[in-house]
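Given next are the chains, with one letter for each unit.
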Amino acid sequence: MRARRDAMDAFIRFENISKAFGAQTVVDNLDLTIQRGEFLSLLGPSGSGKTTILMMLAGFVAPTQGRICLDEREIQGVPAHKRDLGVVFQSYALFPHMTVSENIAFPLRMRGVGKAEIGERVTRSLDMVQLGKLGARRPAQLSGGQQQRVALARAMVYEPKVVLMDEPLGALDKQLREQMQLELRDLHRSLGLTIVFVTHDQSEALTMSDRIAVFESGRIEQIGPPEEIYDRPRTRFVAEFIGETNVLEGTVVSLEKGVARLAVGGGRTFLARTDRDLTSGQRLLVCVRPERIAVSDDPGAANTIPVEVADSVYQGDHIRLRLEGDGVSLVGRRDRSRADFRTGARGYASFAPDDCALVDT
């Protein structure tokens, strides 16, 4: 019932959408709904179809089959400039011969908006992206982050129904990119925008999104809130694509009160909490994030393995540990303030049943 109600209330709907370029299918029978005011990230590796989906919604690419609806209106045959969508590209696509204010005013002029109203909207948009004093500059006189803000202001100045973003932060350095992620998130929340955001950066999607759709080979592998995608991946691809994870092969021994007992390498059994209906003998993968693995001198309460630290790497806010023991290889993390458990040290690695995600092989 919930899925049906969401589909009925959806602001944007992709229904049975496919796109092929010659013999190559890049989007395969996609069904997707996006709610009004939602920040949805389309996340996946290069070639997974995410940008093609954005371009079909924008009107720059026509689907091979299926329907796209915006606010209950079918838009396949509607030209891009009549879809009332703002688009921000990675390259920013600013006009170099125009000032910042002229760049932002351009879409309003193309829509025949009056001069006085253009001035008011441009001023408001510049203030919104904290560039109120830079309207007279040209793009070449701005930093990368400032150009990104201008592109965003231009996309939003005519108050479009949806803002589409195709890797808009990809050209920025790490520190500025992380700053812009937070600024975009704040703008989304304060203005109630509907944003569809394409990225291959997992951290970026986790930081900003209400929901993430993870794509592989033109299909959605999983869609859900960031914490669900990260903590409860449904496939091995999602588990390994969203951050680093440990993947152990196991066989179900028993299932009791939502806790599965699985036989894993080295003759050991692990416990994993799950809401799945499992059968004895079923083969599964046990996925555990490195930060969920505790390393200490004492055995843990459950899922404990005696290990040796095969390698330790300082990574700023933590130390990455490669652990070997009892036929199992794991990656763990230690707080950088701890000087113990360097390479060659011995101890115990353990993790809680609640920290395991079970996915099919």
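Read on for a plain summary of the structure. Since we're looking at a predicted model, the values are computed, not measured.

Each value, and the rule that gives it
- Residues numbered from 1 in each chain as written.
- Predicted model: local features only at pLDDT ≥ 70, side-chain atom pairs only at ≥ 80, totals over all residues.
- Heavy atoms only, no water.
- Helix = DSSP H or I, 4+ residues; strand = E, 2+ residues; numbered from the N terminus.
- Buried < 20%, exposed > 50% of the residue type's maximum accessible area, 1.4 Å probe, protein only.
- Areas by Shrake-Rupley, 256 points an atom, 1.4 Å probe, with all protein chains shown as cover.
- Lys, Arg positive; Asp, Glu negative; His and termini not counted.
- Charge placed at Lys NZ, Arg CZ, Asp CG, Glu CD.
- Contact = heavy atoms within 4.5 Å.
- Salt bridge = Lys/Arg side-chain N within 4 Å of Asp/Glu carboxyl O.
- Axes fitted to C-alpha atoms, helices over the stretch in contact; angles between N-to-C directions.
- Parallel < 35°, antiparallel > 145°, perpendicular 65-115°, else oblique.
- Left-handed = near helix turned anticlockwise from the far one by under 90°.
- Pairing = 2+ DSSP bridges.
- Polar contact = N/O pair within 3.5 Å; in protein donor to acceptor, adjacent residues only side chain to side chain.

## Points about the overall build of the protein chain
Looking only at helices and strands, the protein chain features nine helices and 20 strands. Seen through its C-alpha atoms, the protein chain measures out along the principal axes to roughly 75 × 45 × 35 Å. Going through the 361 residues of the protein chain one by one, you find that 47% of them count as buried. Total accessible area computed for the protein chain in this model is approximately 17400 Å², and 47% of it derives from carbon and sulfur atoms. Here the protein chain holds 47 positive side-chain charges and 48 negative ones, and the gap between their average locations is 4 Å.

## Brief notes about the side chain of S125
Mapped onto the fold, S125 is located in helix 4 (residues 115-128). In this structure, S125 is in contact with I104, A153 and V157, ignoring residues within four places of it in sequence.

## Quick notes on the pattern of salt bridges
What the rule picks out here adds up to 25 salt bridges. One salt bridge connects E324 with R322, and the closest N-O pair in it is separated by 3.5 Å. By relative accessible area, which is 31% here, E324 ends up partly exposed. A single salt-bridge network, built from bridges that share partners, covers R13, E15, R67, E72 and E74.

## Here we look at the packing of helix 3 (residues 100-110) against helix 4
Angle between the axes and distance between the axes: these two values describe a pair of packed helices. Put simply, helix 3 and helix 4 touch, their axes get as near as 10 Å, and they point 125° apart. With respect to each other, helix 3 and helix 4 are oriented oblique. The interaxial crossing formed by helix 3 with helix 4 has right-handed handedness. On helix 4, the residues touching V100, S101, I104, A105, L108 and R109 of helix 3 are I118, R121, V122, S125 and L126.

## Points about the pairing of strand 3 (residues 39-43)
Working note: regular strand, side chains alternate between the two faces of the sheet. In terms of residue burial, strand 3 counts as a mostly covered element, since five of its five residues are buried. Residues F39, S41 and L43 point to one face of strand 3 and L40 and L42 to the other, with burial holding for every one of them. With five bridges joining them, strand 3 and strand 8 (residues 195-199) adopt parallel strand pairing. Looking across to strand 8, one finds that S41 is bridged to F197.

## Quick notes on the pairing of strand 9 (residues 211-216)
Here strand 9 lies mainly inside the structure; five of its six residues are buried. Relative to strand 9, strand 3 runs parallel, the two being bridged by four bridges. By the bridge assignment, L40 is partnered in strand 9 with R211. Across five bridges, strand 9 lies against strand 10 (residues 219-224) in antiparallel orientation. For E216, the partnering residue across the bridge sits in strand 10 and is R219. Between the antiparallel neighbours strand 9 and strand 10 lie two residues, among them S217 with a positive phi of about 55°.

## A short note on the sheet that holds strand 5 (residues 73-74)
Whether parallel or antiparallel, the strands of a sheet pair through hydrogen bonds between backbone atoms. An order of 2-1-4-5 is seen for the four strands of this open sheet, with the pairing classed as antiparallel. The sheet is open, and its two borders are formed by strand 2 (24-34) and strand 5, each paired with just one other strand. In this structure, strand 1 (residues 12-21) lies alongside strand 2, joined through seven bridges in antiparallel fashion. Paired with I12 across the two strands is I34, which belongs to strand 2. Along the sheet face, helix 2 (residues 50-58) touches strand 1, strand 2 and strand 4 (65-70) and points at about 115° away from the line of strand 1.

## Brief notes about the environment of R232
The topology assignment puts R232 in the loop between helix 8 (226-231) and helix 9 (236-241). Placed 127 residues apart in sequence, R232 and V359 show a C-alpha to C-alpha distance of 8.9 Å. Discounting chain neighbours no more than four positions away, the residues touching R232 are Q222, E227, D354, C356 and A357. Of note is the side chain of R232, whose polar atom sits 3.3 Å from the backbone oxygen of C356.

## A look at the environment of G44
Here G44 shows up in the loop between strand 3 and helix 2. According to the relative accessible area criterion, G44 is buried, its value standing at 0%. Placed 197 residues apart in sequence, G44 and F241 show a C-alpha to C-alpha distance of 8.1 Å. Apart from residues lying up to four places away in sequence, G44 is in contact with K50, T199, H200, F215 and F241.

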